[in-house]
Amino acid sequence: MTFKFPPQVDVFHWHGETFTLPTKAILLAESAACKNQAFQIGRNVIGLQCHLETTYDSARAIVTHCGDELVTGEYIQAADDILATPEERYTTINNLMNYVLDYLHRSK
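What counts and how
- Residues numbered from 1 in each chain as written.
- Predicted model: local features only at pLDDT ≥ 70, side-chain atom pairs only at ≥ 80, totals over all residues.
- Heavy atoms only, no water.
- Helix = DSSP H or I, 4+ residues; strand = E, 2+ residues; numbered from the N terminus.
- Buried < 20%, exposed > 50% of the residue type's maximum accessible area, 1.4 Å probe, protein only.
- Contact = heavy atoms within 4.5 Å.
- Areas by Shrake-Rupley, 256 points an atom, 1.4 Å probe, with all protein chains shown as cover.
- Polar contact = N/O pair within 3.5 Å; in protein donor to acceptor, adjacent residues only side chain to side chain.
- Pairing = 2+ DSSP bridges.
- Axes fitted to C-alpha atoms, helices over the stretch in contact; angles between N-to-C directions.
- Salt bridge = Lys/Arg side-chain N within 4 Å of Asp/Glu carboxyl O.

**Q** Hey, could you go over the overall build of the protein chain for me, with residue numbers and the actual values?
**A** A tally of regular secondary structure across the protein chain gives 3 helices and 3 strands. Taken from N to C terminus, the helices and strands of the protein chain fall in the order β-β-β-α-α-α. The principal-axis extent of the C-alpha atoms belonging to the protein chain is close to 40 × 25 × 25 Å. Each of the 108 residues in the protein chain was classed as buried or not, and the buried ones make up 29%. Within the protein chain, residue pairs in contact and separated by at least 24 positions form 59% of the contacts whose partners lie at least 6 positions apart. With an accessible surface of roughly 7200 Å², the protein chain has 53% of that area assigned to carbon and sulfur atoms.

**Q** Go over the environment of I82 with me, naming the residues and quoting the values.
**A** Relative to the helices and strands, I82 is located in helix α2 (residues 79-83). Considered as a pair, I82 and C34 are 48 residues apart in the sequence and their alpha carbons are 18 Å apart. The residues contacting I82, other than those within four sequence positions of it, are F12, W14, A59, V63, L70, Q77 and Y90.

**Q** Describe the environment of E53, with residues and values.
**A** Here E53 lies in the loop between β3 (45-48) and α1 (56-66). Measuring from C-alpha to C-alpha, the distance between E53 and D68 comes to 22 Å, with 15 residues separating the pair along the chain. Setting aside residues no more than four positions away along its own chain, E53 makes contact with N94 and M97. A distance of 2.9 Å separates the side chain of E53 from the side chain of H51, its partner in a polar contact.

**Q** Explain the sheet that holds strand β1 (residues 26-29) to me, and be specific about the residues and the numbers.
**A** Pairing within the open sheet is antiparallel, and its 3 strands lie in the order β1-β2-β3. Of all the strands in the sheet, just β1 and β3 have a single pairing partner and so form its edges. The sheet shows a mean angle of 25 degrees between the axes of neighbouring strands, taken without regard to direction. Note: strand β2 (residues 38-41) against β3, 4 bridges, orientation antiparallel.

**Q** Break down the pattern of salt bridges for me, with residues and values.
**A** According to the stated counting rule, one finds 3 salt bridges in the structure shown. Of the charged contacts in the structure, one is a salt bridge between D10 and R89, with a shortest N-O distance of 3.9 Å. Placement of the pair is D10 in the segment before β1 and R89 in helix α3 (residues 87-106), with a sequence separation of 79 residues. Here R89 falls in the partly exposed class, since its relative accessible area comes to 37%.

Read these as spatial facts, not as claims about activity.
Right, dumping it as structure tokens:
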């Protein structure tokens, strides 16, 4: 059984690198900014490029300590835009992370 991501969800990103899919991986999610957002291998492995674990507080800490990494780019938000993200958006991705973990736990 393949994990099902929502058709669309705004997720948190903080990366400058990406990867190619591992052998036998099934692509689960993609975006215009990053082709390989999530993949699955078998029932017990799900890989994520995005950060579903991010909270408002952890995003604020990343901006505070790593804000120098925010360079101008098509898919790069300014620090003020990141900090203006409503906490509900983080709740949504945290719930999705819980759903991923529940799926993995049930597939044991």
